[in-house]
Amino acid sequence: MLTKAKWLHFLDVMDEMFPEAHCELVHDNPFELTIATLLSAQCTDALVNRVTKNLFQKYKTPSDYLAVDLEELQNDIRSIGLYRNKSKNIQLLCQRLIDEYDGEIPANREALVTLPGVGRKTANVVLSVAFDIPAMAVDTHVERITKRLGLCRWKDSVLEVEETIMKKTPIERWSRAHHQMIFFGRYHCKAQNPQCHECPLLSDCREGQKRLKKGLVKL
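Okay, the overall build of the protein next. Tallying secondary structure elements over the protein gives 12 helices and zero strands in all. Its C-alpha atoms give the protein a radius of gyration of 19 Å, within 12% of the compact-globule value 17 Å for 219 residues. Each of the three principal axes of the protein carries a C-alpha extent, and together these read 55 × 35 × 30 Å. When the 219 residues of the protein are sorted by exposure, 50% land in the buried category. Looking at the protein alone, contacts between residues at least 24 apart form 57% of all its contacts between residues at least 6 apart. Placing the 31 positive and 29 negative side-chain charges of the protein at their respective mean positions leaves the two points 11 Å apart.

By the element assignment, Asn 124 lies in helix H8 (residues 120–131). According to the relative accessible area criterion, Asn 124 is buried, its value standing at 1%. Of note is the side chain of Asn 124, whose polar atom sits 2.8 Å from the side chain of Arg 109. Other than its neighbours up to four places away in sequence, Asn 124 contacts Arg 109, Ala 135, Met 136, Ala 137 and Glu 162.

Here we take up the packing of aromatic side chains. The tally for this structure, following the rule as stated, stands at four aromatic pairs. With a centroid separation of 5.8 Å and 75° between ring planes, the pair formed by Phe 31 and Tyr 65 is classed as edge-to-face. Residue Phe 31 is found in helix H2 (residues 30–39), and its partner Tyr 65 is found in helix H4 (residues 62–66); the two are separated by 34 residues along the sequence. We classify Phe 31 as buried; its relative accessible area is 8%.

This part takes up the nonpolar core. Ile 35, Leu 55, Tyr 65 and Leu 93 are the most contacted members of the largest nonpolar core, which has 35 residues in total. Those elements that provide at least two residues to this core are H2, helix H3 (45–58), helix H6 (83–100) and H8. Among the elements that take part in this core, H2 stands out by supplying six residues, more than any other. In terms of nonpolar packing, the next biggest core, distinct from the first, is built from 30 residues, Phe 18, Val 161, Ile 165 and Ile 182 among them.

What follows is about the environment of Glu 32. Secondary-structure assignment places Glu 32 in helix H2. For the pair Glu 32 and Ile 80, spaced 48 residues apart in sequence, the C-alpha separation works out to 16 Å.

This brings us to helix H1 (residues 4–17). Helical periodicity: at 3.6 residues per turn, an α-helix aligns residues three or four positions apart in one direction. Taking 1.5 Å as the rise per residue, H1 with 14 residues should run 20 Å; its terminal C-alpha atoms sit 20 Å apart, in good agreement. Residues of H1 that are buried make contact with helix H9 (140–148), helix H10 (158–168) and helix H11 (174–187).

A few words on H9. For H9, a buried count of seven out of nine residues is recorded, marking the element as mostly surrounded by other parts of the structure. Taken residue by residue, H9 has His 141, Val 142, Arg 144, Ile 145, Thr 146, Lys 147 and Arg 148 as its buried positions. Elements that come into contact with the buried residues of H9 comprise H1, H10, H11 and helix H12 (206–213). The N-cap of H9, judged by a side-chain oxygen 3.1 Å from the amide nitrogen of His 141 a few residues on, is Asp 139. Directly beyond the C-terminal end of H9, a positive phi value near 90° is found at Gly 150.

Tallying each qualifying case throughout the model produces 13 salt bridges. Between Arg 173 and Asp 12 there is a salt bridge; the shortest N-O distance is 3.0 Å. Highlighted residues: Arg 173 in the loop between H10 and H11 and Asp 12 in helix H1, separated in sequence by 161 residues. Judged by its relative accessible area of 36%, Asp 12 falls in the partly exposed class. Lys 147 is the salt-bridge partner of Glu 143, the closest N and O atoms lying 2.9 Å from each other. In this pair, Glu 143 and Lys 147 are both assigned in helix H9, four residues apart and thus about one turn of the helix distant. Members of the salt-bridge network, linked through shared partners, are Glu 24, Asp 45 and Arg 186.

The backbone of Asp 102 shows a phi angle near 55°, a positive value even though the residue is not glycine. Mapped onto the secondary structure, Asp 102 falls in the loop between H6 and helix H7 (109–112). A relative accessible area of 73% means that Asp 102 is categorised as exposed. One non-glycine residue, Asn 193, lies in the positive phi region at around 55°. Tracing the backbone shows Asn 193 in the loop between H11 and H12. Classification of Asn 193 as partly exposed rests on a relative accessible area of 37%.

Conventions used here
- Residues numbered from 1 in each chain as written.
- Predicted model: local features only at pLDDT ≥ 70, side-chain atom pairs only at ≥ 80, totals over all residues.
- Heavy atoms only, no water.
- Helix = DSSP H or I, 4+ residues; strand = E, 2+ residues; numbered from the N terminus.
- Rg over C-alpha atoms; globule rule 2.2 N^0.38 Å.
- Buried < 20%, exposed > 50% of the residue type's maximum accessible area, 1.4 Å probe, protein only.
- Contact = heavy atoms within 4.5 Å.
- Lys, Arg positive; Asp, Glu negative; His and termini not counted.
- Charge placed at Lys NZ, Arg CZ, Asp CG, Glu CD.
- Polar contact = N/O pair within 3.5 Å; in protein donor to acceptor, adjacent residues only side chain to side chain.
- Phe/Tyr/Trp six-rings, centres within 6.5 Å; stacked < 30°, edge-to-face > 60°.
- Core = buried A, V, L, I, M, F, W, Y, C linked by side-chain atoms within 4.5 Å.
- Expected span 1.5 Å × (residues − 1).
- Salt bridge = Lys/Arg side-chain N within 4 Å of Asp/Glu carboxyl O.

Read these as layout, nothing more, since geometry by itself doesn't imply function.
Okay, here's the thing in C-alpha cells:
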C-alpha cells in the first residue's frame, strides 16, 4: 500500500499532467448537474453532453420534466444507455424535489441520496462541483487508477476506495484531486491500452511494470 507521502507525490504529478482538469459534464446549475450525472451512469460524458445540449433547452425546471409523458422524455434521451429507467427516475426525482425541497437540489448528502436515481457517487459529484463542499466521488476511472497505483487493494469496495482516498488526501485537495484522477484515468491510464510506457509514475507503479514485462502494453 502506498504511503501518504508517495500518494501526494502521485497527485502532484497528475496536477502537472492535467492542470486544467474539471467536470466535463456541461451544466449551468446544480439541477442540471444532477440530471447530467444521473444520465452519465454507464455512459460517457461526451454522449451525455450531446444529449443534454437539447435536453436542457427543452427542460429548465423540475416541473418541465413532469409536464410531458414519460414516453416523450424517453425519446429525448433514447441514445443514452438505460434510458427507460433513467427517464423514470428523472421524473420521480423532479416530483420529490417539488414535494420536499421547493424544487431545489439539496446541498447535503443525506438528502441527495434519497432522490430517485441518485447514489453516493452522484451525490458526491453534486456536492463537490455544484456546492463546493469537499467530497470524493469514486467512478470507474478513480477506482481503476487507485488500484493500479497501489493506493487501494483490488478487492476493496467503492466505499473503501473512497475512504482510503479521503484518509490520504488533504480535504482541501479532494475536489481538484478528484478531477485529476478522472483525467488521468480517462486520457492516460485507460482501461484498455494504458500508456504505461510513457507514464511519469511508471517507476513507482508495479502494475505498469508488470504490464510492460508481460508485453500487455502497446508501444
